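Spelled out from the first residue to the last, the chains are:
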Amino acid sequence: PERKKFYWHTFYLTNDDGRMIERSRPFKLDGERGIEFAAGLALDDQGGAALSYGTDDHDAWIAVTRMDAILEILRPIGQAYDGARRDG
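What you see is a predicted model, and the numbers here were worked out from it, not measured in a lab.

Participant: Tell me what's going on with the overall build of the protein, and back it up with residues and numbers.
Facilitator: Counting its regular elements, the protein contains one helix and six strands. The order of helices and strands in the protein, counted from the N terminus, is β-β-β-β-β-α-β. Sequence separation of 24 or more characterises 31% of the internal contacts of the protein that already satisfy a separation of 6 or more. About 6,800 Å² of surface is accessible on the protein, with carbon and sulfur atoms providing 52% of the total.

Participant: Give me the lowdown on the pattern of salt bridges, citing residues and values where you can.
Facilitator: Using the criterion set out here, one finds two salt bridges in the structure. Here Glu-36 ties to Lys-28 by a salt bridge, and the two come within 3.5 Å at their closest N and O atoms. The pair Glu-36 / Lys-28 is uniform in exposure class, with both members buried. The salt bridge involving Asp-68 is made with Arg-66; its shortest N-O contact spans 3.7 Å. Residue Asp-68 is classed as partly exposed on the basis of its relative accessible area, which comes to 48%. Exposure remark for Arg-66: the relative accessible area of 41% places this residue in the partly exposed category.

Parameters at a glance
- Residues numbered from 1 in each chain as written.
- Predicted model: local features only at pLDDT ≥ 70, side-chain atom pairs only at ≥ 80, totals over all residues.
- Heavy atoms only, no water.
- Helix = DSSP H or I, 4+ residues; strand = E, 2+ residues; numbered from the N terminus.
- Contact = heavy atoms within 4.5 Å.
- Areas by Shrake-Rupley, 256 points an atom, 1.4 Å probe, with all protein chains shown as cover.
- Salt bridge = Lys/Arg side-chain N within 4 Å of Asp/Glu carboxyl O.
- Buried < 20%, exposed > 50% of the residue type's maximum accessible area, 1.4 Å probe, protein only.

The structure is reproduced here in structure tokens:
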């Protein structure tokens, strides 16, 4: 039987030295397709964020969200993901 591959994404935040200090849970942008490859992140001055990505080496997509939503899912490295929101 053919096995379907799945690739996952993670947002992360680094400090000034480039060390990862916060990260999100692994996630998929499109639950119906297997292989996803995020290619870019563009931010606008209104707090919007657009992620470009491809699926299964075939299609190109754009996912749109807000930067504050991305920051909200980050957790300090080593902290459990218990559903609690990030402190403002």
